[in-house]
Structure formats: C-alpha cells, structure tokens
Amino acid sequence: MLYLSYDKPIDQSNLPALNASFDRLKLRLRRRRILSGVCGCLCFLLFTAMMILGSVGAFHRFAGAEYAAALDSLPYVKKVLTAAFQTLPALLGLKLELPEFVCIGVAVILPPLLCLPIALLLRLLLRLGKKPAPEDRSAEALLQEVRELSARSSKSRKANWTLLSGFLILAAFAAAVVYSLLTVKPVSEEWDVKFILSYLFIAAVGFSVFQLLATLTDKLLELFCGLDAQWDGSELIEDLEAFLAGENPAPSEPAPQAPPVEAPAAEEGTP
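Residues numbered from 1 in each chain as written. Predicted model: local features only at pLDDT ≥ 70, side-chain atom pairs only at ≥ 80, totals over all residues. Heavy atoms only, no water.

Across all of its chains, the model carries 7 aromatic pairs by this definition. With a centroid separation of 5.9 Å and 50° between ring planes, the pair formed by F62 and F101 is classed as tilted. Within this pair, whereas F62 is found in helix α1 (residues 15-62), its partner F101 is found in helix α4 (residues 99-128), the two being separated by 39 residues in sequence. The exposure class of F62 is exposed, given its relative accessible area of 51%. (Phe/Tyr/Trp six-rings, centres within 6.5 Å; stacked < 30°, edge-to-face > 60°. Helix = DSSP H or I, 4+ residues; strand = E, 2+ residues; numbered from the N terminus. Buried < 20%, exposed > 50% of the residue type's maximum accessible area, 1.4 Å probe, protein only.)

So, on to the packing of α1 against helix α5 (residues 139-153). Contact pair α1 / α5: the axes reach a minimum separation of 12 Å and the direction vectors enclose 25°. Comparing their axes, α5 and α1 come out roughly parallel. Here α1 runs over α5; the crossing is left-handed. Contacts between α1 and α5 pair L15, L18, N19, F22, L25, K26, L29 and R33 from the former with A139, L142, E145, V146, L149 and S153 from the latter. The class makeup of the residues in the contact of α1 with α5 is 9 nonpolar, 2 polar and 3 charged. (Axes fitted to C-alpha atoms, helices over the stretch in contact; angles between N-to-C directions. Parallel < 35°, antiparallel > 145°, perpendicular 65-115°, else oblique. Left-handed = near helix turned anticlockwise from the far one by under 90°. Contact = heavy atoms within 4.5 Å. Nonpolar A, V, L, I, M, F, W, Y, C, P; charged D, E, K, R; others polar.)

By the element assignment, K219 lies in helix α7 (residues 193-225). Classification of K219 by relative accessible area gives partly exposed; the value is 47%. Separated by 61 residues in sequence, K219 and K158 have C-alpha atoms that sit 9.8 Å apart.

Here we take up a nonpolar patch on the surface. Residues L46, L88, L92, L94, L96, V102, V106, L110 and L114 make up a contiguous nonpolar surface patch of roughly 700 Å² in combined accessible area. Among the elements that take part in the nonpolar patch, α4 stands out by supplying 4 residues, more than any other. Classification of L96 as partly exposed rests on a relative accessible area of 34%. (Patch = residues over 30% accessible without salt bridge, like charges linked within 9 Å, V, L, I, M, F, W, Y side chains within 5 Å. Areas by Shrake-Rupley, 256 points an atom, 1.4 Å probe, with all protein chains shown as cover. Salt bridge = Lys/Arg side-chain N within 4 Å of Asp/Glu carboxyl O.)

Here α1 is 48 residues long and its end C-alpha atoms lie 67 Å apart, about the 70 Å a rise of 1.5 Å per residue gives. Downstream of α1 by a residue or two, G64 has a phi angle that is positive, lying close to 120°. (Expected span 1.5 Å × (residues − 1).)

This is the structure in structure tokens:
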C-alpha cells in the first residue's frame, strides 16, 4: 500500500506542500498502473505458453503410447515437445526425470523474474519523462480529488489476466485430451454419462489448479516489480474536512445579555 506523508494539522501555510505531495502520489499511481499493464501482459503470455507446454507434455508422457502417438500425428507437436523436454535440458546439462512438471514450476517463477528488469527500465524512463506542472488547488478542490482517488485506489490491485490464462490453458489441455480420445476410442463410439462426467470433473480440477498457479504468479509479479497501487485516503479526507470546518465555522448565536441593573436612587440630603 502507498502512503502519503504531510504535516498535521493542515493549515494555509502547509497546504501548498500538501498539494505537491498529492501530485507526486498521483504520478506514482499512474506509473504503477502503466507497469502493471505492461508486465501483466508479458507475464500472461509467458505463463500461458509455458503452462500449456507443461500440461500437454505431462499428458503426452503419462497417457500411454496410443494417446502419445495420436498427439504426435498433429503438426509440430512432437518437434516442440522433443525440443522443450529433451533437447533443451541436454543443452543446459540437466538430467530431469520429469521435465514437464519442472516446466510447470518454472512457469510460476520465470515470468516475474523476466519482468523485473523490464519494470526497472520502464520505471526509469517514466521518471525521466516530462512531469506535469504542479496544481495550486484550494482546500475544497483538493478534498474532492482526494475522495475520487481514494475511491479508485482503496482496493488492492486485481489482475485481469489470470482468469483468461486459466481458460486458455484448460482449452489447450482439453483439446489434446479430446483429440487423443477421439483418435484412440478407448471405450466405445457412444460415450456414457459417467465417462463424460469424469472428464468434466478432471477439467474442473485442472482449471482450479491453473487458476491457483496463475494467481500465485501474479502475486510474485506484484512483489518483484512493485505494482501495488493501493492507497487509502480516509485519514487525509478527515484532516481536510477538519481544516475546512475550522476555516469556515458556523455562525454562533449571540450570548444573551443580562438586563441592566439600575443604581439605587440617592436619598435626599445625602451629599
């Protein structure tokens, strides 16, 4: 969560400094939204591609020779799987028992790590860019802007790519499974209800796993690249309201005055 420091209590002398601090906060939030969009897009592409490769490769390995042969009949499938899980580990000097599951694990860690230098470069370029001129707002105008910005930024950053990624991975994995089943025809030409329900259950579990891993990847991305754009301005709103209330107090009713006291009349003959 982002924080905004300012002198308390707010008065006319420190109001210009508060305006300047608020402008800097708006720039930080804008930079983080840009970084989130760029890094989120890159993370989505890398994670989705590696998860599709790992999940389809795991099915290719464990489904059996007939199903593997069915997938190998598709264009480029055998070449891609061989390059990813045999040639590449050999070039790196690695002997992996289950490279497909290693690929799934790397899909969670590698995209945020690759996005880290990109985020640092973008942050530097955005800082060097032309900054808007500072605004000289009144306390009323500043309070209105603080309320609007706080309403937009009070919640934590929510990634919008994880759900789409889960559906794409599930679609690719399901396409591989269905194609191999249609090619091999392991049961009969007519699929019974139990057979279909079992695969629907597997699809639901698979989607939940894909979604969980995508959410974990995005959390790592947010942590590595500093993408959190949450800001709660409730305290500043209260201080500004208190300042405005003190600056424009409500007119008070005049205090009741005591009736005039008449001096006792002087007696005759008294000097």
